[in-house]
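Fold and geometry: a report
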Amino acid sequence: GAVVSQHPSRVICKSGTSVKIECRSLDFQATTMFWYRQFPKQSLMLMATSNEGSKATYEQGVEKDKFLINHASLTLSTLTVTSAHPEDSSFYICSARGGTARRNGYTFGSGTRLTVV
Amino acid sequence: TQLLEQSPQFLSIQEGENLTVYCNSSSVFSSLQWYRQEPGEGPVLLVTVVTGGEVKKLKRLTFQFGDARKDSSLHITAAQTGDTGLYLCAGVNTNAGKSTFGDGTTLTVKP
């Protein structure tokens, strides 16, 4: 089956620093990946769509300079939270669409718990 | 913007009881998916329904896609404590290339 690996699972950083989160499709090529943000006991909020070899498409209200997305290969997309602040603390999840998952669903990573102190 | 309304938002029941979660929209979707998410983990796909009126069963879980492909329901029979989690429906728009998620239903099954 399709597997998406997300790292790190947890990260604590100081205000003002940047944090990079990786999302890898392990056994399929993902032409499109998605980045979500989730608050406790709430649903997933789509932040951006990451397309291999081109610029990401950001949802309304998401700062592209704040949340940098790079999808340089068919198996890796990265989300960098720049100049992080405490309000950026959240659960970030990626998902991938491609291979056998393309029609039947999206495979999600296990998420990254970001805490900015 | 396609919106999915999921109800109820929170549900707390005793083990052995039955429950139904609803997912409604005014938009038509190419397909609809149900996910279950445990705390600190990513959502895990339970089922995809594609055809209007389709019914799929997964052990004690029954999923139905509305005839007009605008709504769906998830019915759990004889709930178990292991069913506890956040249930998410997601409408897929193939043309747009992305999913729209419902607000989620937090289910707690008490022993």
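Since the model is a prediction, treat every value here as computed from it, not as a measurement.

**Focus on the layout of surface pockets**
- In this structure, the second largest pocket spans a volume of roughly 310 Å³.
- In this structure, the second largest pocket is lined by 18 residues; those nearest its centre are A:Pro40, A:Lys41, B:Glu38, B:Pro39 and B:Leu86.
- Among the elements of the structure, β9 (85–93) and β11 (105–110) of chain B are those that each provide at least two residues to the lining of the second largest pocket.
- It is β11(B) that provides the largest number of residues to the lining of the second largest pocket, a total of 3 residues.
- Considered class by class, the residues forming the lining of the second largest pocket number 6 nonpolar, 8 polar and 4 charged.

**Overview of the sheet that holds strand β8 (residues 71–76) of chain B**
Residues and elements named next belong to chain B.
- Strand order in the open sheet formed by 5 strands is β1-β3-β8-β7-β6, with antiparallel pairing between adjacent strands. The sheet is open, and its two borders are formed by β1 (5–7) and β6 (55–58), each paired with just one other strand. Pairwise comparison of adjacent strand axes, ignoring direction, gives a mean angle of 15 degrees for this sheet.
- Direction of pairing for β6 relative to strand β7 (residues 61–65): antiparallel, over a ladder of 4 bridges.

**Brief notes about the pairing of strand β9 (residues 90–97) of chain A**
All names here are of chain A.
- β9 sits mainly inside the fold: 8 of its 8 residues count as buried.
- Burial along β9 is two-sided: the residues Ser90, Tyr92, Cys94 and Ala96 and Phe91, Ile93, Ser95 and Arg97 are all buried.
- Sheet analysis places strand β4 (residues 32–38) next to β9, joined by 7 bridges and oriented antiparallel. By the bridge assignment for β9, Trp35 is matched with Cys94.
- For β9 and strand β11 (residues 112–116), the ladder comprises 3 bridges, and the chain directions are antiparallel. Bridging from a neighbouring strand, Ser90 pairs with Leu114 of β11.
- Where β9 and strand β10 (residues 107–108) come together, 2 bridges link them in antiparallel fashion.

Rules and cut-offs
- Residues numbered from 1 in each chain as written.
- Chains lettered and ligands numbered in written order.
- Predicted model: local features only at pLDDT ≥ 70, side-chain atom pairs only at ≥ 80, totals over all residues.
- Heavy atoms only, no water.
- 1 Å grid on protein atoms, 1.4 Å probe; cavity = no way out; pocket = protein on both sides within 12 Å on 5 of 7 lines; lining within 4 Å.
- Points joined across faces, edges and corners; volume = space filled by probe spheres on them.
- Helix = DSSP H or I, 4+ residues; strand = E, 2+ residues; numbered from the N terminus.
- Nonpolar A, V, L, I, M, F, W, Y, C, P; charged D, E, K, R; others polar.
- Pairing = 2+ DSSP bridges.
- Axes fitted to C-alpha atoms, helices over the stretch in contact; angles between N-to-C directions.
- Buried < 20%, exposed > 50% of the residue type's maximum accessible area, 1.4 Å probe, protein only.

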